[in-house]
Amino acid sequence: MATYVKRAFKYRFYPTDAQAAEPYRTFGCVRKVYNMALAARTEAWARQERLNYGATSAMLTAWKKTGELAYLNEVSSVPLQQTLRHLQVAFTNFFAKRSKYPRFKSRKKSRRSAEYTTSGFRFRGCRLTLAKMSEPLDIVWSRPLPEGAALSTVTVSQDAVGRWFVSLLVEDPTVKPLPTTDTAVGIDVGLTHLLTLSTGEKITNPRHEHRDRARLALAQRRLAKKAPGDGANRAKARRKVARIHARITDRRRDHLHRLTTQLVRDNQTLVIEDLRVRNLVRNRKLARAISDAAWSQFRSMLEYKAAWYGREVIVVDRFFPSTRLCSHCGGIAEKLPLNVREWTCGCGAVHDRDVNAAKNLLAAGLAVTACGAGVRPQRESSRTGRSARKQEAPRREP
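Residues numbered from 1 in each chain as written. Predicted model: local features only at pLDDT ≥ 70, side-chain atom pairs only at ≥ 80, totals over all residues. Heavy atoms only, no water.

Quick notes on the sheet that holds strand 12 (residues 312–316)
Inference 1: Strand order in the open sheet formed by 5 strands is 10-9-8-11-12, and the pairing between neighbours is mixed. Here the strands that pair on one side only, and so sit at the sheet edges, are strand 10 (202–204) and strand 12. Taking the axes of each pair of neighbouring strands and ignoring which way they run, one obtains an average angle of 25° across the sheet.
Inference 2: In this sheet, strand 9 (residues 193–197) lies alongside strand 8 (residues 184–189) in antiparallel orientation, the contact comprising 3 bridges. Bridging from a neighbouring strand, Asp188 pairs with Thr196 of strand 9. (Pairing = 2+ DSSP bridges. Helix = DSSP H or I, 4+ residues; strand = E, 2+ residues; numbered from the N terminus. Axes fitted to C-alpha atoms, helices over the stretch in contact; angles between N-to-C directions.)

Comments concerning the UniProt feature "domain: Cas12f1-like TNB" (unreviewed entry) in the protein
Inference 1: If you check UniProt for "domain: Cas12f1-like TNB" (unreviewed entry), the listed places come out as residues 295–361 in our numbering.
Inference 2: End C-alpha atoms of residues 295–361 are separated by 16 Å, and the span's content is 34% helix alongside 16% strand. (UniProt positions renumbered as here; feature names shortened; annotations may be inferred.)

Quick word on the pattern of salt bridges
Inference 1: Per the counting criterion, the structure on display carries 16 salt bridges.
Inference 2: Residues Glu22 and Arg25 are paired through a salt bridge, measuring 2.6 Å at the closest nitrogen-oxygen approach. Here Glu22 pairs with Arg25, and both are found in helix 1 (residues 17–46), just 3 residues apart, close to one helical turn.
Inference 3: Taking relative accessible area as the criterion, Glu22 reaches 4% and is therefore assigned buried.
Inference 4: For the salt bridge of Asp274 with Arg318, the shortest nitrogen-to-oxygen distance reads 3.3 Å. Placement of the pair is Asp274 in the loop between strand 11 (269–273) and helix 7 (277–280) and Arg318 in the loop between strand 12 and strand 13 (342–344), with a sequence separation of 44 residues.
Inference 5: The exposure class of Arg318 is partly exposed, given its relative accessible area of 21%.
Inference 6: Overlapping salt bridges bring together Asp159, Arg163, Asp250 and Arg253 as one network. (Salt bridge = Lys/Arg side-chain N within 4 Å of Asp/Glu carboxyl O. Buried < 20%, exposed > 50% of the residue type's maximum accessible area, 1.4 Å probe, protein only.)

Considering the pairing of strand 4 (residues 127–130)
Inference 1: Note that strand 3 (residues 121–124) and strand 4 share 4 bridges and pair antiparallel. What sits directly across from Arg122, in strand 4, is Thr129.
Inference 2: As consecutive antiparallel partners, strand 3 and strand 4 are separated by 2 residues, and within that stretch Gly125 has a phi angle of approximately 55°, a positive value.

Topic: the nonpolar core
As a rule of thumb, nonpolar side chains are buried together in soluble globular proteins.
Inference 1: In terms of nonpolar packing, the biggest core is built from 36 residues, with Leu128, Leu130 and Val154 touching the most fellow members.
Inference 2: Those elements that provide at least two residues to this core are strand 1 (5–13), helix 1, helix 2 (53–64), helix 3 (77–95), strand 2 (112–117), strand 4, strand 6 (150–158) and strand 7 (164–172).
Inference 3: For this core, the element with the highest residue contribution is helix 1, accounting for 8 residues.
Inference 4: The next biggest cluster of nonpolar side chains, apart from the first, holds 26 residues, and it includes Val185, Leu194, Ile290 and Ala294. (Core = buried A, V, L, I, M, F, W, Y, C linked by side-chain atoms within 4.5 Å.)

Structure representation (structure tokens):
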């Protein structure tokens, strides 16, 4: 039996004024239903009761029959049901202790999106028509959908800049495991160089946010000078800030996609370090640079692409002393300040800090594969008062 990989293809589209009015109404109704269902489940939780998706779906039917909520009938019921399913998933994750308690959606800050299943749209010959619309959307097909792909879900969204996007979730039959190779690579992430491979190759950090920092700061200062009631001028300044942020995000995502795809195609086994980025960004001097490097996004892309193409990603414990461990003799340096980029072991081996770490990660990952056991955490001595964390050279940001 053939197995298909679910992939999302995102395209930009340009709606007419009449078409844009329908998603706007849908966004508001989706937010309203979500908040009302969350309030109802919160009140039930206070009474030591639980409401599931079926109960909130029945409540939605009752809400539509009331006079003050009759406008919910003006939009497609599919996105409203989908938002209740999303709320159910949020509570499932909360009870499983995978996430925090669900929060209410804000009119200004929440993401504008609506999700349609197969009963809420019509797709014929690259012409997509949503429920309650008479004309298909004007979509810019920047790349074709895979041949034979089955479309299951359509998500319409609008970003802070005002751009409209449609995301198509399909079952892609063209994604198949790549031919098996015997290559393996250790990957050490950093700031000066985004990635350092065990082969000695270093990939420069493009620092997308840093390149646009002056422009972003100027736009933010101009926005701060606009009074809250300044109407169109404040909205224009806000969109300019959002446009710069969107530019940074798009470039960063594109670079990471190209990078992770190349790594997965070239290597059968990829070994990375298990970093707790949430803790690392507490360092106020490096938080901005760490966020710009997007280590978590890199790992996420690497893992799901490896699963697609039959590759293996091995994650080494974050307390493994990959930087201070000599890859030649196995000795551990007692102290290695952050500004030391090269160091000499007692055995006489001279190491580049990042290349040595990548080699040690590769060796540890191969040991996991051979022995079937994880890398044992090696914490710093409590007498030193030091915490084991990702070490990078301090950088002064202009």
